[in-house]
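# Inside the fold
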Amino acid sequence: MRPKIVLKFGGTSLATPGSWNQVLEIIEKRKALNPVIVVSAVGAAKNRPKVTDLLQALFSKPKTAPLRELHVGLLEALSLPLDLLDDLWSQLEEQLLAQVPEAQKLDRIMGWGERLSARMMAAALRGRGWDAQDLSPTDLGLISDDRFQDASILESSLEPMAQKIFQLRSLPVVPGYVGVTADGLPTTLGRGGSDYTAAVLGAALKREVEIFTDVDGVATTNPGFLPKAFRGQGHPHTVPQLSHEEAYQMAAFGSKVLYQKCLAAAQMASRKGRHLRLTVKNTFNPDHPGTVLQGHRSPAGVPKGITALEGVPLFTVYLDREDDYRPLWRTVQQLPGVRLLMASYSSGRASFVFDHCSAEVMCLESQFPDSHLSKDQVLLKVVGDAIGENHAVLAAIHQSIERLPLEDSQVPPVHKSPQLLTDSTFELVVRKRHFSALLLQLYRQLFCSHELYCGMLGLGTVGSGVLYYQSHLHDTDKSGSHWHFPIAAVRDANKAREHFSGQLVTDPSLVVEDPRVDVVLELMGGLEPARTLILQALQRGKHVVTANKAVLAEHGLELFAAARKHNRILAFEASVCGEIPVLDVVRHMPSGQDVQGVLAIANGTSNYLLTHMAAGHPYEEVLAAAQAAGFAEADPYFDVSGADASQKLALLSSLIFHCWVKWGDIRRQGLEELLPVDFASAQRFNCAIRPLACCKRNDQGLQLWVSPALVPLDHPLASVRNETNAVALQLAGREEPFTMVGKGAGPLPTARSVVRDLNQLRQMTALPTLQPAALQDWRSIQQGWYLRCSVHDQPGVFASVATSLAQLGLSIREATQITSLEEGAAHIVLALQPCSWGQIEQVKEAISAHAWSREVLCLPSL
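Residues numbered from 1 in each chain as written. Predicted model: local features only at pLDDT ≥ 70, side-chain atom pairs only at ≥ 80, totals over all residues. Heavy atoms only, no water.

## Observations regarding the overall build of the protein
Heads up, the condition is: Each helix is a run of H or I in the DSSP string that is no shorter than four residues. Each strand is a run of E no shorter than two, and both are numbered from the N terminus. Using C-alpha atoms as the atom set, the radius of gyration is obtained and then compared with a globule rule of 2.2 Å times the number of residues to the power 0.38. Think of it in three bands: residues with accessible area under 20% of the maximum for their type are buried, residues over 50% are exposed, and the middle band is partly exposed, with areas taken using a 1.4 Å probe on protein chains only. Working rule for contacts: check all heavy atoms of both residues, and any pair within 4.5 Å makes them a contact. Surface accessibility in these figures is a Shrake-Rupley result with a 1.4 Å probe; residues are shielded only by whichever protein chains are displayed. In summary, the charge assignment counts Lys and Arg as positive and Asp and Glu as negative, without counting His or the chain termini. Where a charge lies is defined by one atom per residue type, namely NZ (Lys), CZ (Arg), CG (Asp) and CD (Glu).
Within the protein, the secondary structure is distributed over 31 helices and 32 strands. Rg of the C-alpha trace for the protein: 39 Å, well past the compact-globule value of 29 Å for 862 residues, more than 25% over. Along the longest, intermediate and shortest principal axes, the C-alpha atoms of the protein span 135 × 70 × 45 Å. Across the 862 residues of the protein, 55% fall into the buried class. Nonlocal contacts in the protein, meaning residues at least 24 apart in sequence, comprise 74% of its contacts between residues at least 6 apart. Surface accessibility of the protein: about 36,700 Å² in total, with carbon and sulfur atoms responsible for 49%. Averaging the positions of the 80 positive and the 88 negative side-chain charges in the protein gives two centres separated by 5 Å.

Here it is in structure tokens:
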């Protein structure tokens, strides 16, 4: 027979009649390949131990009845002869009575489960029309050394074994885990012995090996290291391909899908001039490609997995420069019963990591006075061929360590030494209390860079817009990431939410604490609990994206400081001007001196009101229409008073000019006092009235004000109408402003900015420490002015107004008097030459003091 493949099936693959039938179907599909079959002992099933446990119990209670009962049940379910195993039972009874050394007796008994499985598998295949036979290690010539319980197959036996198989006429079914010495003594091959058997056969036959187990392949890390909720999202991923070296490093640190000995067979194959290819597959998901192990190493420097050994001790000795460290080295090397995993020596310090903390290791601290033993540490290893040459990967590892949230602890999560960088591994010793957090951080950084898990605080207008955007508009190829929304906090968890399939909760802290979440989207608004939740999210190592300008304007210094402390990003594009990417534009300006000033229409509600008031509609009517259309809140104070625009201007100015602006310090004026005459007058002056937020930088500090203002019709902001927002940046060396226009509210416009922040999170850096802004006294701000004096229409009034202006040194550029619709009243409308805001306030006070004065309105004019 010329087999073309070796198939190995583990204990879980043979645990139940259903799994046996699954295995037989897998073999049937490979019938044309003349497979060699390797089997393990029957594994555990519900309410039933595995065969190896029953064999172990025979040493204390030598009764085979439970073992027989288990196998008889399988024989009946598989319609196999009930006397199929009788001769093997008799031989087992003889072995139990044999008088041999204890070590040999263990090997004689513990390998019996594989022999029982091989007999049953051969019979089951014959029942399907195959010519199959089970072979013992003696029949096959599977010769091992005499290290009982951990024997190794002799390389010299490979060629004779291959010849025997080639000469067979029937398909061989081989018990894994067992061998035989040259003089006929039974041996067992240690942990992963059945995989080792299959790999040895693959090396002997120069054939591919498929190892079937109950997982899809080798995982990027031990699933038990990840939080349960994270595992529920399909993590850890299966590694598609590993080199033998990578697999060896993974197995050396406890990757339980494959064991080190299995890879020793690969070395045998390479010495025979062939690269052994092994594929780890899932019996219960056989169409999954699994993990391919092959000899070729990749030069790409891509990390493949993270493994860890828990409970290792770190012994550190502090030496003087002139100390001879060789006696210490000899003492450590000669410690019995422990394995030295890592060692490092630098000036003044020697460090050693052992595989466990034995009594001998414990005594080292008393032998060397200037020393310290750190027990129960974790040796963590990142595995990947050529990662030592991939500086981006090394930077990502160090970044994960640096960005690890430490809460109140100032103790570094990683010991400075020893650390080991090889061509295929990066190894470091982690303090146990930081291990889970660091491993999760590394896993996210190295293996989830194209995935983003978003926890949502609020699923209102903006939150729903984000979900709609993700469902209908998100381009994974362009963004380079897949988005997941596993959890959201809402007021009513029983209400169905379109485009959302995750978990709805009413407790927002569950979102912040969820280990799956990379970034928290704070879309609930208000000051509390938004502030507390943002702080908690940052403290737990999560980025935050918010559309909440109120909480940032009020508590921004505290929140940005927390983001810096915990090495996280607090992104807030959507909180400033809706969909306009002004923060992104400013962030990417090559110089912090590029922007000299900002003019913005930052409140869409105010612009909507002014647009329609200019068309002749009264304020109350326009406000009611805006509220009905959803552009204005039931209480419009924050919009019409300029408070909302002041908060946005404070945030925008803080980012642009690298200082912290308190929004309450911004001079602001609302739009409630505007009358139809003001819009008609602005039109005569070839201007439009727009709700402006202004910030300019000069030698005296920042000029900041928010107010309706007259904007020349040839200015870009004059044509911005309705609920639309706009930002005009005055750039150094450029006369005309750099203007961006977009919607300032609504589900999709705001969601677009949230999405932009999500896409750019990994490229952002935390804001630097912001010092309090130096503000120019608003009274000294020089500005052109529009002045409207509503007066009783009587002789001498115009002259009195002109006198008040002259007394303060103000010059009139243009003036007109308009008869009011109200009998006996008039409006004196003036366009003034530039003067200070303080002078205007004095004029307003002086005119208002006259008995003929009814109302005075002053508006900035560009």
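## Quick look at the sheet that holds strand β19 (residues 503-505)
Convention followed: Here a strand pair is declared whenever DSSP counts at least two bridges between the two strands.
Here six strands make up an open sheet; going across it, the order is β19-β18-β17-β20-β21-β22 and the pairing parallel. In this open sheet, the two edge strands, each paired with only one partner strand, are β19 and β22 (570-571). Summarising the sheet, strand β17 (residues 451-457) and strand β18 (residues 482-489) pair through six bridges and their orientation is parallel. Looking at the pairing, Leu-457 lines up with Ala-489 of β18.

## Topic: the pattern of salt bridges
Selection rule: One speaks of a salt bridge when a side-chain nitrogen belonging to Lys or Arg is within 4 Å of a carboxyl oxygen belonging to Asp or Glu.
Scanning all chains against the criterion turns up 29 salt bridges. With a shortest N-O distance of 3.1 Å, Lys-304 and Glu-246 are connected by a salt bridge. Taken together, the residues span a long stretch of sequence, with Lys-304 in the loop between β10 (291-294) and β11 (305-318) and Glu-246 in helix α11 (residues 244-252) at a distance of 58 residues. Its relative accessible area of 1% is what places Glu-246 among the buried residues. Through salt bridges that share partners, Glu-25, Glu-28 and Arg-128 make up one connected network.

## Overview of the packing of aromatic side chains
Stated formally: Two rings from Phe, Tyr or Trp (for Trp, the six-membered ring) form a pair when their centres are within 6.5 Å of each other. A pair whose planes differ by under 30 degrees is stacked, one over 60 is edge-to-face, and the rest are tilted. Charge-over-ring contacts are defined here by two conditions on Lys NZ or Arg CZ: a distance within 6 Å of the ring centre and an angle within 35 degrees of the ring normal.
Applying the stated criterion across every chain yields a total of 15 aromatic pairs. When the centroid spacing of 5.9 Å and the interplanar angle of 85° are considered together, the rings of Phe-230 and Tyr-443 count as edge-to-face. Taken as a pair, Phe-230 in helix α10 (residues 228-231) and Tyr-443 in helix α16 (residues 432-447) lie far apart in primary sequence, 213 residues in all. The class of Tyr-443 is buried, set by a relative accessible area of 0%. Considering the side-chain rings of Phe-560 and Phe-572, the 5.3 Å spacing of their centres and the 55° angle between planes classify their relative orientation as tilted. Placement of the pair is Phe-560 in helix α21 (residues 549-565) and Phe-572 in the loop between β22 and α22 (574-577), with a sequence separation of 12 residues. Residue Phe-560 shares its accessibility class with Phe-572, and that shared class is buried. In this structure an aromatic cluster arises from ring pairing among Phe-230, Tyr-443, Phe-447 and Tyr-453. Here the guanidinium or amino end of Arg-115 rests over the ring plane of Trp-112, the centre of that ring lying 4.7 Å away. Sitting over the face of the ring of Trp-778, Arg-667 holds its NZ or CZ atom 3.9 Å from the ring centroid.

## Topic: the packing of helix α20 (residues 530-539) against α21
For clarity, the threshold we go by: Lines fitted to the C-alpha atoms define the axes, with helices restricted to the stretch that makes contact. Angles between their N-to-C directions range from 0 to 180 degrees. Throughout this description, any angle smaller than 35 degrees is read as roughly parallel, any larger than 145 degrees as roughly antiparallel, any in the 65 to 115 degree range as roughly perpendicular, and the remainder as oblique. For any helix crossing, the convention is left-handed if the near helix is rotated counterclockwise from the far helix by under a right angle, and right-handed if that rotation is clockwise. Three categories are distinguished: nonpolar for Ala, Val, Leu, Ile, Met, Phe, Trp, Tyr, Cys and Pro, charged for Asp, Glu, Lys and Arg, and polar for the others, with Gly belonging to the last.
At a closest axis distance of 10 Å, the pairing of α20 and α21 adopts a crossing angle of 15°. When the axis of α20 is compared with that of α21, the two are roughly parallel. As for the relative orientation of α20 and α21, their crossing is right-handed in sense. Residue-level inspection shows Ala-530, Arg-531, Ile-534, Leu-535 and Leu-538 of α20 in contact with α21, the latter providing Val-551, His-555, Glu-558, Leu-559, Ala-562 and Ala-563. Here the residues of the contact of α20 with α21 sort into eight nonpolar, one polar and two charged.

Just distances and angles here, no functional claims.
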